[in-house]
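# A look at the structure
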Amino acid sequence: MNHRSVLRQAICFAALILLTALLTAANVLQGSVDVSVGQVLNILVQGAGSDTASQIIWNIRLPRALAALVLGGALSVSGFLLQTFFQNPIAGPFVLGISSGAKLVVALVMIGALSRGLVLGSAALIAAAFIGSLVVMGFILAVSGRVKKMSLLVVAGVMVGYICSAITDILVTFADDSNIVNLHNWSMGSFSGISWQNLAVLSAVTGVSLFCTIFLAKPMSAYQLGESYAASVGVHIRLFRLQLVLFSSLLSACVTAFAGPVSFVGIAVPHLVKSLFKTAKPLCILPACFLGGAAFCLACDLIARTLFAPTELSIGSVTAVFGAPVVIWIMLRRQANRNGGEAV
């Protein structure tokens, strides 16, 4: 790597870190209740108090902002892992129906528990979402063995996602219990209602998963050059692919368990990050994807909370508005490259 590339990547990392920090601060400062910068700083220094402003900052805004940061990063890394697995930039947990499968199983488990007066912990929600993710991923893998075109695989994933979302909506619509009806907001996607206990659990799961994926950076670099090349340099292809599936499913499951389905982040952010850094090397892109996903979701959550305050938009709606055009651009760019290659 030459000096110019190193300098570019250092500047990009610094910019992403600064942007993430600024957006985190903006999410803590902005809201339907006005709290000055001085008040926020005093509250953060002195700790949680009994007054209204302190409760708003410590129990609502700060954990929500940190959750958007961690879960946004997790979703982006999950998308990058899936794109590496399928060797296609259109692959992502939402498009392939993985997030919808996780949402369906979580909804089933929550409805079953709440109807019996039980309250589920964070571990149970993550486990349920992980099972749903793996079930849909298993179906996608089975389909990928039968079809040769990635476009057909994407269509199959989208159809599975629609089916799972439809079943979830039906379950929520016909629920009688008031607690179950409140699942509607979660099913639409939201970072609200995150407690410090939830934040500790999701941060631990995401942190361990990201730490493990860093050790996959070297075999990922080889895998990007083709399965044959990766196998020739000693990569155990079957084990490596299994690891990609497990970690990508776990990361997307963690997001779905606490925030519901969040669309297009897993596709748009990795592509934007690779375009920004001018490289696809996993050792560089993995942390960059995390920072990019964190900044993207923080920005979208800020818009969702403040654009039509006090009415709050679902986070999935906002991410779709900004993420979908990127996906369209990716497809048009790929088609243009193909046409250019054929012309040559």
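Look up a bit, the structure's there.
Reference entry: report on the structure contained in this document. (Residues numbered from 1 in each chain as written. Predicted model: local features only at pLDDT ≥ 70, side-chain atom pairs only at ≥ 80, totals over all residues. Heavy atoms only, no water.)

### Details of the overall build of the protein
- When helices and strands are tallied, the protein shows 15 helices and zero strands.
- Here the protein has a C-alpha radius of gyration of 20 Å; the compact-globule value for 344 residues is 20 Å, and the two agree.
- The burial tally for the protein puts 49% of its 344 residues in the buried class.
- Here the analysis covers contacts within the protein between residues at least 6 apart in sequence; of these, 77% occur between residues at least 24 apart.
- Accessible surface, the protein: about 16,300 Å² in total, of which carbon and sulfur atoms supply 67%.
- Positive and negative charge centroids in the protein, built from 19 and 9 side chains respectively, lie 20 Å apart. (Helix = DSSP H or I, 4+ residues; strand = E, 2+ residues; numbered from the N terminus. Rg over C-alpha atoms; globule rule 2.2 N^0.38 Å. Buried < 20%, exposed > 50% of the residue type's maximum accessible area, 1.4 Å probe, protein only. Contact = heavy atoms within 4.5 Å. Areas by Shrake-Rupley, 256 points an atom, 1.4 Å probe, with all protein chains shown as cover. Lys, Arg positive; Asp, Glu negative; His and termini not counted. Charge placed at Lys NZ, Arg CZ, Asp CG, Glu CD.)

### Things to note about the side chain of T24
- For T24, the location among the structural elements is in helix α1 (residues 3–29).
- Classification of T24 as buried rests on a relative accessible area of 14%.
- For T24, the residues in contact, after removing those within four places along its chain, are A65, L69 and L298.

### Overview of the packing of α1 against helix α14 (residues 282–306)
- At their nearest, the axes of α1 and α14 sit 9 Å apart, and the two run at 30° to each other. The orientation of α1 with respect to α14, classified from their angle, is roughly parallel. Viewed along their axes, α1 and α14 form a crossing whose handedness is left-handed. Residues Q9, F13, L16, I17, L19, T20, L23, T24, A26 and N27 of α1 lie in contact with α14, whose contacting residues are C284, P287, A288, L291, G292, A294, A295, L298, A299, D301, L302 and R305.
- Classifying every residue of the contact of α1 with α14 by side-chain character gives 15 nonpolar, five polar and two charged. (Axes fitted to C-alpha atoms, helices over the stretch in contact; angles between N-to-C directions. Parallel < 35°, antiparallel > 145°, perpendicular 65-115°, else oblique. Left-handed = near helix turned anticlockwise from the far one by under 90°. Nonpolar A, V, L, I, M, F, W, Y, C, P; charged D, E, K, R; others polar.)

### What about the side chain of S76?
- Structurally, the position occupied by S76 is in helix α3 (residues 52–86).
- The buried category is assigned to S76, whose relative accessible area is 0%.
- Within polar-contact distance, the side chain of S76 engages the backbone oxygen of C289 at 3.0 Å. (Polar contact = N/O pair within 3.5 Å; in protein donor to acceptor, adjacent residues only side chain to side chain.)

### Regarding a positive patch on the surface
- Together, R4, R8, K278 and R333 give the surface a local cluster of positive charge.
- Residue placement: K278 occurs in the loop between α13 (265–277) and α14. (Patch = residues over 30% accessible without salt bridge, like charges linked within 9 Å, V, L, I, M, F, W, Y side chains within 5 Å. Salt bridge = Lys/Arg side-chain N within 4 Å of Asp/Glu carboxyl O.)

### Structural notes on the packing of helix α2 (residues 37–46) against α3
- It is the contact of α2 with α3, at a shortest axis distance of 10 Å, that shows an interaxial angle of 80°. As far as their axial angle goes, α3 and α2 are roughly perpendicular. Between α2 and α3, the residues in contact are V40, I43 and L44 and A53, S54, I57, W58 and L62, respectively.
- Taken together, the residues that form the contact of α2 with α3 break down as seven nonpolar, one polar and no charged.

### Brief notes about a nonpolar patch on the surface
- Together, L134, L239, L242 and L246 give the surface a local cluster of nonpolar side chains, amounting to about 310 Å² of exposed area.
- Sort the elements by how many residues they give to the nonpolar patch and helix α12 (residues 237–259) lands first, with three residues.
- Among the secondary structure elements, L239 is positioned in helix α12.

### Re α14
- Helix length check: α14 (25 residues) gives 35 Å between terminal C-alpha atoms against 36 Å at 1.5 Å per residue, within 8%.
- α14 sits mainly inside the fold: 20 of its 25 residues count as buried. (Expected span 1.5 Å × (residues − 1).)

### Remarks on the environment of G157
- Within the secondary structure, G157 sits in helix α6 (residues 150–173).
- Separated by 60 residues in sequence, G157 and G97 place their C-alpha atoms 4.9 Å apart.
- Excluding its chain neighbours within four sequence positions, the residues that come into contact with G157 are V95, L96, G97 and I140.

### Concerning the packing of aromatic side chains
- Overall, the coordinates contain six aromatic pairs when judged by the stated rule.
- Summarising the aromatic geometry, the rings of F211 and F215 are spaced 5.0 Å apart at their centres and angled 75° between planes, so their arrangement reads as edge-to-face. Taken as a pair, F211 and F215 share a single burial class, namely exposed.
- The residue whose ring lies beneath R241 is F85, and the NZ or CZ to ring-centre distance is 4.3 Å. (Phe/Tyr/Trp six-rings, centres within 6.5 Å; stacked < 30°, edge-to-face > 60°. Lys NZ or Arg CZ within 6 Å of the ring centre and 35° of its normal.)

### Quick look at the pattern of salt bridges
- In total, this model carries three salt bridges according to the counting rule given.
- Close ionic contact of E227 with R241 constitutes a salt bridge, the shortest N to O distance being 3.2 Å. Within this pair, whereas E227 is found in helix α11 (residues 227–232), its partner R241 is found in helix α12, the two being separated by 14 residues in sequence.
- Looking at R241, the relative accessible area reads 23%, which means it is partly exposed.
- One salt-bridge network, in which partners are shared between bridges, spans R64, D301 and E312.

### Quick word on helix α9 (residues 196–214)
- Compared with an ideal rise of 1.5 Å per residue, which puts 19 residues at 27 Å, α9 spans 27 Å between its outermost C-alpha atoms and is within 8% of the ideal.
- For α9, every residue scored as buried is listed here: N198, L199, L202, T206, S209, L210 and T213. One face of α9 carries all of its buried residues, which in axial projection span an arc of 115°. Along α9, exposed side chains directed more than 90 degrees from the buried face belong to Q197, V208 and F211.
- Of the surrounding elements, those touching the buried residues of α9 are α3, α5 (122–144), α10 (217–223), α12 and α14. (Arc of directions from axis to C-beta.)

Function-wise, these values are silent; they only describe arrangement.
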